[in-house]
Amino acid sequence: MHLFAKIERVAAWTSYSIVTDVNDKNEPTFKPLYVAQKLPSMKSMQLVKTAGEEGVVVAKAAARKRGSRESDVEIGEGADMVAVLILLIATKPGSHAELFA
């Protein structure tokens, strides 16, 4: 199995980075691709943005009702759907983000 991406989670933020190269020590170098943020609200709401200072929202998700495990998700054209869905799952409270790391 080859490493192609990594997920890092800090509080309500989760980042998704892809491998871009290998350094002299044969360690992968990563480029941040997306960041996801859980928004403080009554319902579980999340945004996924492109990485960088002026991140552009590429996806959003919201629970259908308070306490619901079902969510409505909108993903923008051109976004990496698998990366976005993994980020949304990893950012959700109670998720097991370490399974994706």
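Residues numbered from 1 in each chain as written. Predicted model: local features only at pLDDT ≥ 70, side-chain atom pairs only at ≥ 80, totals over all residues. Heavy atoms only, no water.

Participant: Describe the nonpolar core, listing the residues and the values that go with them.
Facilitator: Generally speaking, soluble globular proteins have nonpolar side chains that are buried together. One finds Y16, Y34, V48, V58, V84 and L87 to be the most contacted residues of the largest nonpolar core, which totals 15 residues. Elements represented by at least two residues in this core include exactly β1 (5-10), β3 (28-39), β5 (57-63) and α1 (81-91). In terms of residue count, α1 provides more of this core than any other element does, five residues in total. Sequence-distant contacts of V48, defined by excluding residues within four places in its chain, comprise Y34, V35, A36, V56, V57, V58, A59, V84, L87 and L88. (Core = buried A, V, L, I, M, F, W, Y, C linked by side-chain atoms within 4.5 Å. Buried < 20%, exposed > 50% of the residue type's maximum accessible area, 1.4 Å probe, protein only. Helix = DSSP H or I, 4+ residues; strand = E, 2+ residues; numbered from the N terminus. Contact = heavy atoms within 4.5 Å.)

Participant: With reference to specific residues and values, describe the pattern of salt bridges.
Facilitator: Inspection of the entire model under this criterion finds four salt bridges. E70 is paired through a salt bridge with R64; the nearest N and O atoms lie 3.2 Å apart. Looking at R64, the relative accessible area reads 47%, which means it is partly exposed. Between R64 and D72 there is a salt bridge, with the nearest N and O atoms lying 2.9 Å from each other. Beyond isolated ion pairs, a larger network of salt bridges with shared partners links R64, E70 and D72. (Salt bridge = Lys/Arg side-chain N within 4 Å of Asp/Glu carboxyl O.)

Participant: An account of the environment of L85 is requested, with residue identities and associated values reported.
Facilitator: Along the chain, L85 turns up in helix α1. The exposure class of L85 is partly exposed, given its relative accessible area of 35%. Separated by 26 residues in sequence, L85 and A59 place their C-alpha atoms 9.1 Å apart.

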